[in-house]
2 protein chains.
Amino acid sequence: MARRSSRITMADVAHAAGVSVASVSNYLNNRPYMTDDMRERIASAIERLGYQVNSSARNLRSGRTHLIKLSIPDLKQVYFSELAEDVLAEARLRGYGVIVESTTNNRERELDSVNSMGSHTTDGLILSPLMMRQADVHLLDNDIPLVVLGERLFDVSAPHVVIANARGAAMMTQHLLDAGCRRIAVVGGVRGTRSEQSSGVIRTQGYRDALAQAGVAYDPQLIVETDGWGSRDGADAVRRMLADQLEFDAVFALNDCLAWGVLRQLRACGVDVPAKVRVVGFDNVEESEFMIPSLTTVDPSKREIARLAVESVIQQIESGTRAGASMIEAPIELVYRESSPC
Amino acid sequence: MARRSSRITMADVAHAAGVSVASVSNYLNNRPYMTDDMRERIASAIERLGYQVNSSARNLRSGRTHLIKLSIPDLKQVYFSELAEDVLAEARLRGYGVIVESTTNNRERELDSVNSMGSHTTDGLILSPLMMRQADVHLLDNDIPLVVLGERLFDVSAPHVVIANARGAAMMTQHLLDAGCRRIAVVGGVRGTRSEQSSGVIRTQGYRDALAQAGVAYDPQLIVETDGWGSRDGADAVRRMLADQLEFDAVFALNDCLAWGVLRQLRACGVDVPAKVRVVGFDNVEESEFMIPSLTTVDPSKREIARLAVESVIQQIESGTRAGASMIEAPIELVYRESSPC
DNA sequence: GTGAAAGCGCTAACAC
DNA sequence: GTGTTAGCGCTTTCAC
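- In the nomenclature of an unreviewed UniProt entry, chain A corresponds to LacI family transcriptional regulator from the organism Bifidobacterium oedipodis.

See below:
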């Protein structure tokens, strides 16, 4: 029956063990040079008293909290919840806890999670920005350990862990071209050019690059813009494409959720996948494997992204400063499944 | 251009503003009785120096971190990521941060998150236990603010926020009976009786209760057990049911993911939903609305669960102790969609 | 090897 | 209303 939290302090332990607080501290921090006898007495006292370190005190003294903040747009988006899970696991492995902050696609919140970094609650930040503007980046202009995730490369002096969006999209497009497709619709794509460097823009560019490379003409009609990137948007897109009698022999949905909707709607309309139309996605979210047909997609290896991000932010924390700008590209891979076999 | 973290302390601010640290503290904590003049001088000094409170120091002194730990089995399961998102939002609203801990269906980890509670990193715990055994509950026998989530009602002296699993399952079964179904298969159900009080067991019981109530015979054959609760398990189940030539006019999948798999596999096998077979789920996960056909399901109002849990744990934190055992049942509701219209 | 003691930056009790 | 000050519990020199 544990007492109220830990009223028990290091001093109590020291007293009970007949040693000094310094020795208890040494013991707790695995410092060498200590007689086995003392080690044992301290251990037993700790056990007996049910002592637990007070991390607030430790944090104050050491200036570290062993907490990382993970700021992402929305946990309800599978991509991010899977990424978060991987970040949690990786951080845990390295002895860090994670405060998750969901910015719910809200610029204010993104700025908040940046602004609050000075308050020492967390040692570093892994930020997946979505709404920040160029004008906001000066807020990141400090020495706090930071890793930026995703493709939005602001002029921020910090390591970026990026997905090879353009390359992934190009590879996937190439795969479809190799399979003989010539009318590849891009659901969730962005027509024309925008200054904004969203994943949509970049993936669309990758698609166009691959077409160009293969000498296949680019038809803007095939770019089907959507409101969001959920499965409903994918289904809506297909509905429109069919209504407009758009000709296409493949659909490249720019993320897996869109692809789910595409798959469902095509099936509902009696279009055979992959015989009549091939369908591919991007993100390799777990559920995609279980679609019928299972979804061919680009795997951005979230595990590796998480590992790289956590590793970098911890390295910065332990070295004491923000690392300079850099771009770490996570490996990318095509996963061939039934919706577009190899 | 911010300096390295905040070397700037309250003393610096006090000095710059020509006041005492106490006044700065008062200002920061919105304490009353303070001339507007002083208020302004402090504000401007803070602004000028770019001061930010050091939360470690504040935490040590106040004994509070304004951090809650949320311990759940797995963020990759949609139900939990949606719940987590709601918990995050609710906590944020009330000025608390959330450390998310994913126990990955691992008993050790569950115990860890409980054990580490004494170390003052977080003020309270919202725990969704899955693997804990009766033998472990003594670990929860302390005064630390705690809310237990889900149906596993151990003999723990703390508030429980529970889903009305039995009632929800019974209501849904009743709906199917009302629609004329008499052979309702339960995918993910648990045959026979087990001491264990998992959601599966309880939801199955709710189903049986409804049958009994309606005077419909219970056929154990209709209980289709599955390995897990993912969509693949749902699809597998249907495959087996069809192979075994099981007769059924409805499928009650005990969660939405199972239901997705059921929907897909039935469709793949040319079984019309809902004309031939009705399909319903449990959890009302966002994606379910976009299935084709859209999924009728039980809505456990995660938002409300999150609200109740956060509210209770914060109330405990602010009142200074663990609240006694209690059971707060979150409201439940059937959501009628195409897979089984009303 | 071990211990004494000086803070880390803040809050709150109390004095003015 | 405002200032002084004593710790919160720990880590870390620096003596011994």
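Side note on the protein's contact with DNA strand D
Then comes step 1: In the region of DNA strand D, 23 residues are neighbours, and M10(A), Y51(A), R58(A), R61(A) and R61(B) sit closest.
Then comes step 2: Put simply, 67% of the atoms of DNA strand D that lie within 4 Å of the protein are in sugar or phosphate.
Then comes step 3: Measuring from a phosphate oxygen of DNA strand D, one finds a backbone N or O atom of S20(B) at 2.9 Å.
Then comes step 4: Separating a phosphate oxygen of DNA strand D from a side-chain N or O atom of T35(B) is a distance of 2.9 Å.
Then comes step 5: Secondary-structure elements contributing two or more residues to the surface near DNA strand D are α2 (21–28) and α4 (55–62) of chain A together with α2 (21–28) and α4 (55–62) of chain B.
Then comes step 6: Looking at side-chain class alone, the surface near DNA strand D contains 12 nonpolar, 7 polar and 4 charged residues.

Focus on the interface of chain A and chain B
Then comes step 1: The interface is formed by 56 residues belonging to chain A together with 56 residues belonging to chain B.
Then comes step 2: Overall, the association of chain A and chain B removes approximately 5,200 Å² of surface from exposure, summing both partners, and the carbon and sulfur fraction of that is 53%.
Then comes step 3: A salt bridge links E287(A) to R264(B), with the nearest nitrogen and oxygen atoms 2.8 Å apart.
Then comes step 4: At the surface where chain A touches chain B, the tally comes to 22 residue pairs in polar contact (both at pLDDT 80 or more).

Brief notes about the protein's contact with DNA strand C
Then comes step 1: DNA strand C sits among 23 residues. The nearest are S23(A), M10(B), Y51(B), R58(B) and R61(B).
Then comes step 2: A distance of 3.0 Å is found between a phosphate oxygen of DNA strand C and a backbone nitrogen or oxygen belonging to S20(A).
Then comes step 3: Taking R61(A), its side chain carries an N or O atom lying 2.8 Å from a base nitrogen of DNA strand C.
Then comes step 4: For the surface near DNA strand C, the secondary structure elements donating two or more residues are α2 and α4 of chain A together with α2 and α4 of chain B.
Then comes step 5: Split into classes, the residues belonging to the surface near DNA strand C amount to 12 nonpolar, 7 polar and 4 charged.

Focus on the packing of helix α1 (residues 10–17) of chain A against α2(A)
Residue and element names in this part refer to chain A.
Then comes step 1: Where α1 meets α2, the axes come as close as 8 Å, and the angle between the chain directions of the two elements is 105 degrees. Taken together, the axes of α1 and α2 are roughly perpendicular relative to one another. For the pair α1 and α2, contact is made by M10, A11, V13 and A14 and by V21, V24, S25 and L28, respectively.
Then comes step 2: Residue composition of the contact of α1 with α2, grouped by class: 7 nonpolar, 1 polar and no charged.

A word on unusual backbone geometry
Then comes step 1: A cis amide bond links V273(A) to the next residue, P274(A), at an omega of 5 degrees.
Then comes step 2: Looking at the secondary structure, you find P274(A) in the loop between α10 (256–268) and β9 (278–282).

Topic: the relation of the copies chain A and chain B
Then comes step 1: The operation relating chain A to chain B is a screw motion whose rotation component is 180 degrees, with 0.0 Å of axial translation and a residual RMSD of 0.1 Å. The relationship between the two copies is best expressed as a two-fold rotation axis. Closest approach to the rotation axis among the C-alpha atoms of chain A is made by I99(A), whose C-alpha sits 2.2 Å away.
Then comes step 2: The share of interface residues of chain A whose copies in chain B are also at the interface is 100%, consistent with both copies meeting through the same surface.

Remarks on the packing of helix α5 (residues 78–93) of chain B against helix α11 (residues 302–319) of chain B
Residue and element names in this part refer to chain B.
Then comes step 1: Taken N-terminus to C-terminus, the directions of α5 and α11 make an angle of 50 degrees; their axes are 8 Å apart at the nearest point. Taken together, α5 and α11 sit at an angle that is classed as oblique. Between α5 and α11 lies a crossing whose hand is right-handed. Of the residues in α11, those in contact with Y79, E82, L83, D86, V87, E90 and A91 of α5 are K302, R303, I305, A306, R307 and V310.

Focus on the pattern of salt bridges
All names here are of chain A.
Then comes step 1: With the rule as written, the count across this model stands at 36 salt bridges over all chains.
Then comes step 2: Where D236 meets R239, a salt bridge forms, and the shortest distance between an N and an O atom there is 2.7 Å. A residue pair is termed a helical-turn pair when its members lie 3 or 4 positions apart in one helix, as D236 and R239 do in helix α9 (residues 231–243) at 3 residues.
Then comes step 3: Members of the salt-bridge network, linked through shared partners, are E90, R94, E304, R307 and E311.

Regarding helix α3 (residues 36–49) of chain B
Residue and element names in this part refer to chain B.
Then comes step 1: An ideal rise of 1.5 Å per residue puts 20 Å on 14 residues; α3 measures up with 20 Å between its terminal C-alpha atoms.
Then comes step 2: Residues M38, I42, A45 and I46 constitute the buried set of α3. End-on, the buried residues of α3 take up no more than an arc of 100 degrees, which puts them together on one face. Looking at α3, the residues exposed on the side facing more than 90 degrees away from the buried face are D36, E40, E47 and R48.
Then comes step 3: Buried positions along α3 lie against α1 (10–17) and α2.
Then comes step 4: Backbone geometry just downstream of α3 places G50 in the positive-phi region, at approximately 65 degrees.

Quick notes on the sheet that holds strand β12 (residues 333–335) of chain A
Within a beta sheet, neighbouring strands are joined by backbone hydrogen bonds and run either parallel or antiparallel to one another.
Residue and element names in this part refer to chain A.
Then comes step 1: The strand order β7-β6-β8-β9-β10-β12 describes an open sheet built from 6 strands, whose pairing is mixed. Across the chains shown, the open sheet's two edge strands, defined by having one partner strand only, are β7 (223–224) and β12.
Then comes step 2: Pairing analysis gives 2 bridges linking strand β6 (residues 184–187) to β7, with the strands arranged parallel. Within the sheet, the bridge partner assigned to V187 lies in β7 and is V224.
Then comes step 3: With respect to the sheet, α10 is in contact with β6, β8 (250–253), β9 and β10 (296–299), its orientation differing from that of β9 by roughly 160 degrees.

Here's the deal with the pairing of β9(A)
Residue and element names in this part refer to chain A.
Then comes step 1: With 5 of 5 residues buried, β9 is to be regarded as a mostly interior element.
Then comes step 2: Across 3 bridges, the pairing between β8 and β9 is parallel. Bridging from a neighbouring strand, A250 pairs with R278 of β9.
Then comes step 3: Regarding the hand of the β-α-β motif, the stretch spanning β8, α10 and β9 is right-handed.

Overview of the UniProt feature "domain: HTH lacI-type" (unreviewed entry) in chain A
Then comes step 1: Per the UniProt annotation, the sites labelled "domain: HTH lacI-type" (unreviewed entry) are residues 8–62 of chain A.
Then comes step 2: Across residues 8–62 of chain A one finds 69% helix and 0% strand; the C-alpha atoms that close the span lie 20 Å apart.

Describing the nonpolar core
Then comes step 1: Core analysis: the biggest nonpolar cluster contains 148 residues, and V279(A) and V279(B) have the highest contact counts within it.
Then comes step 2: Filtering out sequence-adjacent residues up to four positions away, V279(B) remains in contact with V251(B), A259(B), V262(B), L263(B), L266(B), V273(B), L295(B), T296(B), S339(B) and S340(B).

Examining the sheet that holds strand β12 (residues 333–335) of chain B
Residue and element names in this part refer to chain B.
Then comes step 1: Pairing within the open sheet is mixed, and its 6 strands lie in the order β7-β6-β8-β9-β10-β12. Among the strands making up the open sheet, the edge pair consists of β7 (223–224) and β12.
Then comes step 2: In the sheet, strand β6 (residues 184–187) pairs with strand β8 (residues 250–253) via 4 bridges, with the strands oriented parallel. Bridged to I184 within β8 is A250.
Then comes step 3: Docked against the sheet, helix α7 (residues 165–178) engages β6, β8, β9 (278–282), β10 (296–299) and β12, running at close to 170 degrees with respect to β9.
Then comes step 4: In this fold helix α9 (residues 231–243) packs onto β6, β7 and β8, with an angle of close to 140 degrees to the strand it touches most, β6.

What counts and how
- Residues numbered from 1 in each chain as written.
- Chains lettered and ligands numbered in written order.
- Predicted model: local features only at pLDDT ≥ 70, side-chain atom pairs only at ≥ 80, totals over all residues.
- Heavy atoms only, no water.
- Near = heavy atom within 4 Å.
- Polar contact = N/O pair within 3.5 Å; in protein donor to acceptor, adjacent residues only side chain to side chain.
- Helix = DSSP H or I, 4+ residues; strand = E, 2+ residues; numbered from the N terminus.
- Nonpolar A, V, L, I, M, F, W, Y, C, P; charged D, E, K, R; others polar.
- Contact = heavy atoms within 4.5 Å.
- Buried area = accessible area lost by both parts, 1.4 Å probe.
- Salt bridge = Lys/Arg side-chain N within 4 Å of Asp/Glu carboxyl O.
- Axes fitted to C-alpha atoms, helices over the stretch in contact; angles between N-to-C directions.
- Parallel < 35°, antiparallel > 145°, perpendicular 65-115°, else oblique.
- Least-squares fit on C-alpha atoms with pLDDT ≥ 70 in both.
- Left-handed = near helix turned anticlockwise from the far one by under 90°.
- Expected span 1.5 Å × (residues − 1).
- Buried < 20%, exposed > 50% of the residue type's maximum accessible area, 1.4 Å probe, protein only.
- Arc of directions from axis to C-beta.
- Pairing = 2+ DSSP bridges.
- Right-handed = clockwise from strand over helix to strand, strands pointing away.
- UniProt positions renumbered as here; feature names shortened; annotations may be inferred.
- Core = buried A, V, L, I, M, F, W, Y, C linked by side-chain atoms within 4.5 Å.

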